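# Observations on the model geometry
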Amino acid sequence: MRVLLLASAFNSLTQRLFAELRDRGNHLTVHLACGDEPLRDAVRCERPELVLAPMLKTMIPADVWSRHTCLVVHPGPPGDRGPSSLDWAIHEGVERWGVTVLQADGRPDGGEVWADAEFPVPPVGKSDLYRNELSDAAVRAVLLAVERFAAGTYRPRPQHGPDWDVPDHDRPYLDQGLRRIDWARDPTEAVLRSLRAADSQPGVLDELLGGEWYLHGGHPEDELRGRPGELLATRTGALCRATVDGAVWIPELRPRRRPGGPETFRLPAALALGDRLPRLPEVPAPLDLPDHRRTWTDIRYREQDAVGLLRFSFPGGAMSTDHCRRLLEAYRFARSRPTTVLVLGGGRDFFSNGIHLNVIEAARDAAAESWANITAMDDLVEEVLTTTDRLVVSAVGGNASAGGVALAAAADEVWCRDGAVLNPHYRLMGLYGSEYWTYTLPRRVGAATAERLTRQALPMTAAAAQRIGLADRVLAVAPEDFGREAVRLAGLLAASPVVGGLIAAKKEARERDEGRRPLAGYRERELALMHRAFFGSGEPYHALRSAFVRKRPRPGTPAHLRPPAPGPGDPAAEDAGGPAARP
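So, how was this worked out
- Residues numbered from 1 in each chain as written.
- Predicted model: local features only at pLDDT ≥ 70, side-chain atom pairs only at ≥ 80, totals over all residues.
- Heavy atoms only, no water.
- Helix = DSSP H or I, 4+ residues; strand = E, 2+ residues; numbered from the N terminus.
- Rg over C-alpha atoms; globule rule 2.2 N^0.38 Å.
- Buried < 20%, exposed > 50% of the residue type's maximum accessible area, 1.4 Å probe, protein only.
- Contact = heavy atoms within 4.5 Å.
- Salt bridge = Lys/Arg side-chain N within 4 Å of Asp/Glu carboxyl O.
- Pairing = 2+ DSSP bridges.
- Axes fitted to C-alpha atoms, helices over the stretch in contact; angles between N-to-C directions.
- Phe/Tyr/Trp six-rings, centres within 6.5 Å; stacked < 30°, edge-to-face > 60°.
- Lys NZ or Arg CZ within 6 Å of the ring centre and 35° of its normal.
- Core = buried A, V, L, I, M, F, W, Y, C linked by side-chain atoms within 4.5 Å.
- Parallel < 35°, antiparallel > 145°, perpendicular 65-115°, else oblique.
- Nonpolar A, V, L, I, M, F, W, Y, C, P; charged D, E, K, R; others polar.

Okay, the overall build of the protein next. Of the regular secondary structure elements, the protein holds 20 helices and 25 strands. Relative to the 2.2 N^0.38 estimate, which gives 25 Å for 583 residues, the radius of gyration of the protein is 24 Å and therefore close to what a compact globule would have. Counting the 583 residues in the protein, one finds 57% classified as buried. Once local pairs closer than 6 in sequence are excluded, the contacts in the protein between residues at least 24 apart make up 70%.

Across all of its chains, the model carries 51 salt bridges by this definition. The partner of glutamate 37 in a salt bridge is arginine 40, and the shortest N-O contact between them spans 3.2 Å. In this pair, glutamate 37 and arginine 40 are both assigned in helix H2 (residues 36-46), three residues apart and thus about one turn of the helix distant. Residue class for glutamate 37 comes out partly exposed when judged on its relative accessible area of 42%. Aspartate 128 is the salt-bridge partner of arginine 348, the closest N and O atoms lying 2.8 Å from each other. Residue arginine 348 is located in the loop between strand E19 (341-345) and helix H10 (357-362), and its partner aspartate 128 is located in helix H5 (residues 126-151); the two are separated by 220 residues in the primary sequence.

As summarised here, the arrangement of the four strands in space is E11-E14-E13-E12, forming an open sheet in which the pairing is antiparallel. Of all strands in the sheet, those bounded by a partner on one side alone are strand E11 (219-221) and strand E12 (231-235). Within the sheet, the average angular offset between the axes of one strand and its neighbour, ignoring direction, is 30°. Where E12 and strand E13 (residues 238-242) come together, four bridges link them in antiparallel fashion. Bridging from a neighbouring strand, leucine 231 pairs with arginine 241 of E13. Along the sheet face, helix H7 (residues 188-196) touches E11 and strand E14 (247-250) and points at about 20° away from the line of E14.

On to unusual backbone geometry. Where the residue is not glycine, phi is negative for most of them; where a peptide bond is considered, it is trans in most cases. In the segment running from glutamine 201 into proline 202, the intervening peptide bond is cis, with an omega of 0°. With respect to the secondary-structure elements, proline 202 resides in the loop between H7 and strand E9 (204-208). Backbone geometry at leucine 209 places phi at a positive 55°, although glycine is not the residue there. Phi is positive for glutamate 435, which is not a glycine, with a value near 60°. On the secondary structure map, glutamate 435 appears in the loop between strand E23 (421-423) and helix H13 (437-445).

Examined against the element boundaries, proline 108 turns out to sit in the loop between strand E6 (96-103) and strand E7 (113-120). Sequence separation of proline 108 and arginine 227 is 119 residues, and the distance between their C-alpha atoms is 44 Å. Among residues more than four places away in sequence, those in contact with proline 108 are Met59 and Arg81.

Moving on, we get to the packing of aromatic side chains. Scanning all chains against the criterion turns up 12 aromatic pairs. Judged by centre distance (6.1 Å) and plane angle (65°), the ring pair of tryptophan 114 and phenylalanine 149 falls under edge-to-face. In this pair, tryptophan 114 is assigned in strand E7 and phenylalanine 149 in helix H5, connecting sequence segments 35 residues apart. Since its relative accessible area comes to 6%, tryptophan 114 is described here as buried. Ring geometry for tryptophan 249 versus tryptophan 296: centroids 6.3 Å apart, planes at 40°, classification tilted. A residue pair is termed long-range when its members are at least 10 positions apart, and tryptophan 249 in strand E14 and tryptophan 296 in the loop between helix H8 (269-273) and strand E17 (299-304) qualify at 47 residues. When sorted by exposure, tryptophan 249 lands in the same class as tryptophan 296, which is buried. Joined through ring pairs, the aromatic side chains of Trp114, Phe149 and Tyr154 make up one cluster. The ring of tryptophan 183 carries the charged tip of arginine 241 above its face, separated from the ring centre by 4.2 Å. Against the face of tyrosine 214 rests arginine 254, its NZ or CZ located 4.1 Å from the ring centre.

Okay, the sheet that holds strand E21 (residues 400-401) next. Reading across the sheet, the three strands line up as E21-E23-E24 and stay open at both edges, with mixed pairing between neighbours. Each end of this open sheet is capped by a strand with a single partner; those strands are E21 and strand E24 (460-461). As paired strands, E23 and E24 are joined by two bridges and run antiparallel to one another. In the strand pairing of E24, leucine 422 is matched with methionine 460.

A few words on the nonpolar core. Nonpolar side chains in soluble globular proteins tend to end up buried together. Of all hydrophobic cores here, the largest spans 89 residues; its most connected members are Leu253, Leu310, Val396, Leu407, Leu422 and Leu470. Top element by residues in this core is helix H11 (residues 366-385). It accounts for nine residues. With residues up to four places along the chain from it excluded, the contact list for leucine 422 reads Val396, Ala400, Val405, Cys416, Leu458, Pro459, Met460, Ala465 and Leu470. Formed by 43 residues, the second largest nonpolar core is a distinct cluster that contains Ala89, Val99, Leu134 and Ala197.

Bringing the packing of H11 against helix H19 (residues 541-549) into the picture now. Direction vectors running N to C along H11 and H19 enclose 85°, while the axes themselves pass 12 Å from each other. With respect to their mutual orientation, H11 and H19 come out roughly perpendicular. Mapping the contact onto sequence places Ala366, Ala367 and Ser370 in H11 and Tyr541, His542 and Arg545 in H19. Residues of the contact of H11 with H19, tallied by class, amount to three nonpolar, two polar and one charged.

Written as structure tokens, this is what we have:
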């Protein structure tokens, strides 16, 4: 089926639906909303059988939805309407929520329902929930809606009437007046709900140290206490702030944009405040933080029998120079422990998206910070590649891209949750890439497929990654269960009678590969090309990075999002079982 994806941005949900539908043999093109007339041109050019809008901030023109079936994915259950649906669900502390696939008809979120699906709402941030539980539900609902549309016999239902046992109401936009935190009165749980409902966008506007800042992210603290609203401590760049009955950790801040000033962007909180930050105690968390503690830390290590679990979770999946160096130190500690299998990752959200573009953008010398960051990433990946005394498993519970995919691929096995989306490429940021990807990616998928993946620059599902050898195992579990399941399977691997032989074989393979071409050779060539991108004149990287960090929309739809129909040799075509599309 020819499907046109209409979106305001090629965000995580749009990418996942693109990849899921493409896996099933549909011909997908993307149109990023940039006005009614370009959309009309795209529809005339592509002649889609179906228009699907996974994330759209504007209305579809009447002359488009009246001539073509246009399905809109709304992040709320049937009967719930408004631009802040998911924000309200978290803000109000609901335990379950829904996704609705409805037909565009000129009423905001008011069209007839083609499919809907429910999902649980755990105590996590909005962006985490959106990429995981909501995304899983959206895939189920969209695939059902597409199946019903293809059958041609299904009649969508209105959102009101005796056959719906759901509330029917329009919710207002959740503005900063409603999100505001009263530090002198609000208990910790209310503060956390406000922070989680705005963790990625738009943040919670607040006054801090004489300035106006958006607060991004929120995690509970179970020991530190102080005067409500007082800054208590720092931890690896995050701030701890007291509430009336406890405290919360705030990982990132964004300054309020001044009228006529440049766009602002999120940074680690202590870095964003800079010289404004008063002298506060740095309160580190132990690497082996007990599971019962309610506090925030971005790196943890624990052991279960012969399995070591090194879990890390950095905001947005971005890894700064400091993140890489601290994770390398933790990895070396994990290597010193008497384990047989080491699991790297296992969190429920992002695995890694590579170097930290926001921190680089804020640096006095962006080129120098880019170089420091990429070499720190390389040091980490090299340590994984040269671990020959045990098996290493990358447990990819959430999305990964660029250097994050290369980090995962450095392990002996890559286990992905079935909802993870992988973007194994760099070129959209004007970079060649490093992290030894020229060694690990062809080793896993072959040189031709590696070249295609990096050239096409398209997202792929975990299932597609497994088909081509980029992933070794896909776990069909809920986001909350992924880490436990990965550790359970790692325990079975560690207890297997063949594990000693597998470790010996990997050591021999590493020595054989090193004899053919040393790892240093891959690193030297990759970094030579990265150095040119960072320090050379006329290179696009710095402009592309600045636009990405400051969320400046690109004009029109990039050419790589208008791919040709899957052909022979394409994983999407092979999985589809031939040219006949199936939902």
